[in-house]
Structure formats: structure tokens, C-alpha cells
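Listed below, chain by chain, are the residues.
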Amino acid sequence: MDEQPEPAQEPAPQTGGGLDRRAELSEFLRTRRARLKPEDVGLPDFGRRRVPGLRREELAQLAGVSVAYYTRLEQGNGRNVSAEVLDAIARALRLTGAEHAHLTHLAKPKQHKKKQTARAQQVRPALRHLLDSIDTVPAYVVGRRSDILAWNRMAAALFGDWAELPAPERNWARLVFLRPDYRELFVEWDQKASDIVGFLRMDAGCHPDDPKLSALVGELSVKSEEFRRLWAAHDVKEKSYGVKRMRHPLVGDLTLSFETFRLVDESEQSLITYHAEPGSPSAEALRLLASWGADATRAGTGTTAQ
């Protein structure tokens, strides 16, 4: 298993406005190693450490590779690393499924055609018709970079009318970190913010050469201290399911379950739906939003074009 990668080199300069994949790999491995303690992995602790977490030699021992090999990988040189070695390192680092996938994307990136990264994201007409036909459940389609691509009337009533925003502003990361009304909408705003950054990190691992993603990260890093802190943590997440508590300006508190349906094509789009427990106050609140129609949509979260 202890195969040898190419000699370590200085990180390659960024091109085309993208993120530095080698730097991303290096920082990801370093932050995952820093969060583990010797007792977490069954190793003895011989006292005070200069830096938190496992030492490189301890991680290499757990993964069954040489210290020199792991050091080169943590320096961002993963060009020749095998899937078996990545699996062993993922086990040693106690990575989640999403983190394991992210490590693989960073170390062994797939080749993407530049035109696929640059072209505008499109939602199939049939999917738009499906959204329009869903009358009582807020639903929307999200794509690369957390861009909001399509939504139904109930989503506009719950989140505000995104049609009033310029297309570049229809982006969950920009909404959550740059708009005070969304901070008020999500009761557990910190969790929503962490989720968004985790999704962007996954996207960056798959598309480190995407200049639009790099520009978004740069903009948010300048404008939001909270985003900078979360981005530096290198945590990754995949869209899934769960519960969100919201405080809507028209109907008050809601507790809604959300589900994520990944579309089975090459678009990297997902359909997100929100629903309430039948017979609950939140279900009644959604019913009121549906009955108010355009009036609720205009009020929404107070979202207006800027």
C-alpha cells in the first residue's frame, strides 16, 4: 500500500480564477487530522502537543503508509495516490461519507470540460411544469454554487419572491450571509449557514477550476466574517433531509421537514421540498400562505430587489 507519489513541489499557481486544488487538499487533510485526539483512535498520549490533533507520523501509522508518503499527500501532492490509500487515510481520519468523497475529488479530480463549467444552468421545462403543479408544498430547484434555478408559488410565499432579485442574487449563500431578513427567517441560522458552506465545499472539491465559484467565495469572504470562519473550517456536507424552524413575518413560527431529491442527470441539480406534519400548526400556516397567494408572495420575507 505504501506506494510513492511524485516528489513534492511548490503549489501550482491558480489559473482562470479557480481555487487552488492542491492547497484545498492540503488544508482539508490538515484540519481533519487536527480534530482527532490520540484517545479517539486508540493511541497513547505522551503529553502536551505543540499543535492540536494527531501528529503526521501517528496518522501515517494508522493508515499503513510511510510518514514521508503522507507528508507529501498533505502538502497537496496527490497525483499518483491510489483509491486504496485514500480509503485507508479516510478510515484513519474517521471521515464521513461526504468527507471521503470530498477527499477523493481533491486528490483524484475528474476532468471537466470548460464549457460545462461555464455554461448557464438550465432547468428542464417538464420540471418547471412539475413545480407549478405543486400547490401546497414549497419546492425549488437548486444547482451548482447553491444557485436557485426555479421555484413554485409556495416557495415564493415562504422565502420571498426570488423573481424580484437579479439572477446572480438568487443564490442561497448570498441570501443567507448577506441579507438580514434571511437571518431572521431561519431560527437556527448558524446551522443553515454551516450547511450552505458545507455544500459549497463539496462543489469546490468537484469543480476547483470554476471561476464563478471562486468569485462567489471571494465575495463572501470579504463581506462576511462568519463565512470566512466557516470556510476556513473545511467542513463538507451533502444535501439530504432534516427539519428547519422558521419565523415567517406573516404566519409566525413554522417547523418544516425538508427533503432533497437529486436529479438523475448530469445537471448537478436537486429538487428541495418543505412540508409540515399533517394537522400541526405549521400545516395550518402553510395552508394560510397558499390561500393568500400573491399577497403572501409579495410580503414573503421582505425580499425585494436591491
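The structure displayed is predicted, hence computed values, not measured ones.

1. Thoughts on the overall build of the chain
Within the chain one finds 15 helices and five strands. Nonlocal contacts in the chain, meaning residues at least 24 apart in sequence, comprise 61% of its contacts between residues at least 6 apart. Of the roughly 15,400 Å² that the chain leaves accessible, carbon and sulfur atoms contribute 52%.

2. Focus on the environment of V243
Tracing the chain through its elements places V243 in strand β3 (residues 241-248). Given the relative accessible area of 51%, V243 is considered exposed. Counting along the chain gives 15 residues from V243 to F258, while the straight-line C-alpha distance between them is 6.0 Å. When residues no more than four places from it in sequence are discounted, the contact partners of V243 are T255, L256, S257 and F258.

3. Examining the pattern of salt bridges
Under the definition given, this model contains 21 salt bridges. The salt bridge partner of K237 is D195, with a shortest N-O separation of 2.9 Å. Here K237, found in the loop between α13 (225-232) and β3, pairs with D195, found in helix α11 (residues 189-206); they are 42 residues apart in sequence, far enough to count as distant. The exposure class assigned to K237 is partly exposed, which follows from its relative accessible area of 25%. Of the residues examined, D195 reaches a relative accessible area of 12% and is grouped as buried. Several salt bridges share partner residues, and in doing so they unite R144, R145, D147, D203 and D210 into one network.

4. A word on empty space enclosed by the protein
For the coordinates displayed, the defined rule picks out one cavity of 30 Å³ or more. Of the pockets and cavities examined, the largest cavity occupies roughly 40 Å³. Around the largest cavity, the lining residues are S194, V197, G198, L230, A233 and D235. Of the residues forming the lining of the largest cavity, the biggest block, three residues, is contributed by α11.

5. Side note on unusual backbone geometry
Of note, the phi angle at S146 is positive, near 65°, even though the residue is not glycine. Topologically, S146 is positioned in the loop between β1 (139-142) and β2 (148-151). Look at S146 and you get buried, because its relative accessible area is 8%. Its identity as a non-glycine residue notwithstanding, H234 has a phi of 60°, on the positive side. Mapped onto the elements of the fold, H234 is located in the loop between α13 and β3. On the accessibility criterion, H234 (5% relative accessible area) is buried.

6. A word on the packing of aromatic side chains
Taken as a whole, this structure holds 16 aromatic pairs when the rule is applied. For the pair Y140 and W162, a centre-to-centre distance of 5.6 Å together with 85° between the ring planes defines the contact as edge-to-face. Remark: W162 occurs in the loop between α8 (153-159) and α9 (172-178) and Y140 occurs in strand β1; sequence separation between them is 22 residues. Ring geometry for F159 against W172: centres 5.4 Å apart, planes inclined by 85°, an arrangement best described as edge-to-face. Note that F159 is positioned in helix α8 and W172 in helix α9, a separation of 13 residues in sequence. Each member of the pair, F159 as well as W172, carries the same accessibility label: buried. Here the aromatic residues Y140, W151, F159, W162, W172, Y182, F186, F258 and Y274 are joined through ring pairs into a cluster of three or more. In this structure, R183 packs its charged tip against the face of W189, placed 3.9 Å from the ring centre. Taking the ring centre of W231 as reference, the NZ or CZ of R201 above it sits at 3.7 Å.

7. Looking at the sheet that holds β3
Strand order in the open sheet formed by five strands is β2-β1-β5-β4-β3, and the pairing between neighbours is antiparallel. Edge positions in the sheet fall to β2 and β3, since each of these pairs with one other strand and no more. Averaged over all pairs of adjacent strands, the angle between strand axes in this sheet comes to 30°, irrespective of strand direction. In the sheet, β1 pairs with β2 via three bridges, with the strands oriented antiparallel.

8. Digging into the packing of helix α4 (residues 83-92) against helix α5 (residues 97-107)
One can describe the packing of α4 onto α5 by two numbers: an axis separation of 10 Å at closest approach and a directional angle of 140°. Between α4 and α5, the angle is such that the two are oblique. Our pair here, α4 against α5, has a crossing hand that is right-handed. Along the contact surface, α4 presents L86, D87, I89 and A90, while α5 presents H100, L103, T104 and A107. Split by residue class, the contact of α4 with α5 holds five nonpolar, two polar and one charged.

9. A closer look at the nonpolar core
One finds Y140, F159, W162, W172 and F177 to be the most contacted residues of the largest nonpolar core, which totals 47 residues. Looking at this core element by element, the count peaks at seven residues for α11. If you look at the next biggest cluster of nonpolar residues, it comprises 26 residues, including L36, Y70, L73 and L95.

Conventions we followed
- Residues numbered from 1 in each chain as written.
- Predicted model: local features only at pLDDT ≥ 70, side-chain atom pairs only at ≥ 80, totals over all residues.
- Heavy atoms only, no water.
- Helix = DSSP H or I, 4+ residues; strand = E, 2+ residues; numbered from the N terminus.
- Contact = heavy atoms within 4.5 Å.
- Areas by Shrake-Rupley, 256 points an atom, 1.4 Å probe, with all protein chains shown as cover.
- Buried < 20%, exposed > 50% of the residue type's maximum accessible area, 1.4 Å probe, protein only.
- Salt bridge = Lys/Arg side-chain N within 4 Å of Asp/Glu carboxyl O.
- 1 Å grid on protein atoms, 1.4 Å probe; cavity = no way out; pocket = protein on both sides within 12 Å on 5 of 7 lines; lining within 4 Å.
- Points joined across faces, edges and corners; volume = space filled by probe spheres on them.
- Phe/Tyr/Trp six-rings, centres within 6.5 Å; stacked < 30°, edge-to-face > 60°.
- Lys NZ or Arg CZ within 6 Å of the ring centre and 35° of its normal.
- Pairing = 2+ DSSP bridges.
- Axes fitted to C-alpha atoms, helices over the stretch in contact; angles between N-to-C directions.
- Parallel < 35°, antiparallel > 145°, perpendicular 65-115°, else oblique.
- Left-handed = near helix turned anticlockwise from the far one by under 90°.
- Nonpolar A, V, L, I, M, F, W, Y, C, P; charged D, E, K, R; others polar.
- Core = buried A, V, L, I, M, F, W, Y, C linked by side-chain atoms within 4.5 Å.

Function-wise, these values are silent; they only describe arrangement.
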